[in-house]
Amino acid sequence: MCLSYCLCLCGFFAFAAGFTISAISISFLVNGDEHIPGKYGSLEWYAWLPFACGVLVMFGAIVSCWCAKHDKRNACFDSIFATVVFATGVVIIAAGGIVVVTIRRYMHNMVLKSEVTSGLEAGIGGKQQEFSDFMLGLADGCCSTFSIPDCSEGFYAEDAYKYCYLDSDSYETGVEVAFDAGDAYCGKVGLPQACESSSVHNFLRVNYDYLRQNVLPAGIVLVTTGCLLVLGACYCLDCHKVLKNRDDKPKTYDEFAQHLHYGKNHQLVMA
């Protein structure tokens, strides 16, 4: 049964989801260099989109709860708010999914495979190989001991592992990001030791362990939050439809009398 307190509960979860999105966004904007090298995006308008979406969802949730509590529902607002929440949920699921897939699959494969990049699958739209080339460029930029060649020229071999890059643009981007980030990223715990050991595998392993422990949970939270937003939006739309049908339904005499506080058994006396 769709009641006002159910809509308030839905609004509360939407507010919590919006707050979570904004908090994660602020964390990455403020401490981006500690998680991802080269904090280029923090100065661009699109870097603030997650924060803006979170604030928008929180504001809409507050207004929605107030309207439900005071029985001041507005069909137009309900529909727009539910649509915005649904769209935000889909975007958040996609963003969290990218984080999870990149770390749990792409980065994990790089650590396990004996040949990188030539031994990797392309991934969705070639993203796995592009990400691999970027990480190899990052390794080369942070560690002067590496000299990773193009795959057409051979391999950088160490023990059981072989490394080369396929896409020069992705590789060079990684090198540039490493130079720009400097010690903020390359000096992170474990990376200097990996550079001293002249081991690309150790460099990739340190990155994988760090991302898995510190960034992957945020990706999982985003996916969960996005799912809650999508389900909440669908629920709100369903409740709105039920309530609208109930309000549009012609009232019987007893219902009309009860609404006027006359009681169900009151008989209207016609003059």
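None of these values were measured; they are calculated from a predicted model.

Visitor: Mind laying out the pattern of salt bridges, listing which residues take part and the relevant values?
Guide: Across all of its chains, the model carries three salt bridges by this definition. R205 serves as the salt-bridge partner of D209, at 3.5 Å between the closest nitrogen and oxygen. Taken as a pair, D209 and R205 lie in helix α9 (residues 200-214) at a separation of four residues, close to a single helical turn. Judged by its relative accessible area of 21%, D209 is partly exposed. Overall, R205 belongs to the partly exposed group, its relative accessible area being 35%. Of the charged contacts in the structure, one is a salt bridge between D209 and R212, with a shortest N-O distance of 3.2 Å. With D209 and R212 both in helix α9 and three residues apart, this pair spans about one turn of that helix. One continuous salt-bridge network, built from bridges that share partners, spans R205, D209 and R212.

Visitor: Can you break down the state of the cysteines residue by residue, with the values?
Guide: One pass over the structure, following the stated rule, counts three disulfides. The side chain of C143 participates in a disulfide bridge whose partner is C195; the two sulfur atoms lie 1.7 Å from each other. For the disulfide bridge between C143 and C195, the dihedral angle about the S-S bond is near -55 degrees, and by the sign convention the bridge is left-handed. Placement of C143 in the loop between α5 (127-142) and β2 (156-158) and of C195 in helix α8 (residues 191-196) is noted, with a sequence separation of 52 residues between them.

Definitions and cut-offs
Residues numbered from 1 in each chain as written. Predicted model: local features only at pLDDT ≥ 70, side-chain atom pairs only at ≥ 80, totals over all residues. Heavy atoms only, no water. Salt bridge = Lys/Arg side-chain N within 4 Å of Asp/Glu carboxyl O. Helix = DSSP H or I, 4+ residues; strand = E, 2+ residues; numbered from the N terminus. Buried < 20%, exposed > 50% of the residue type's maximum accessible area, 1.4 Å probe, protein only. Disulfide = S-S within 2.5 Å.

Fair warning: the whole summary comes from geometry, so function is off the table for now.
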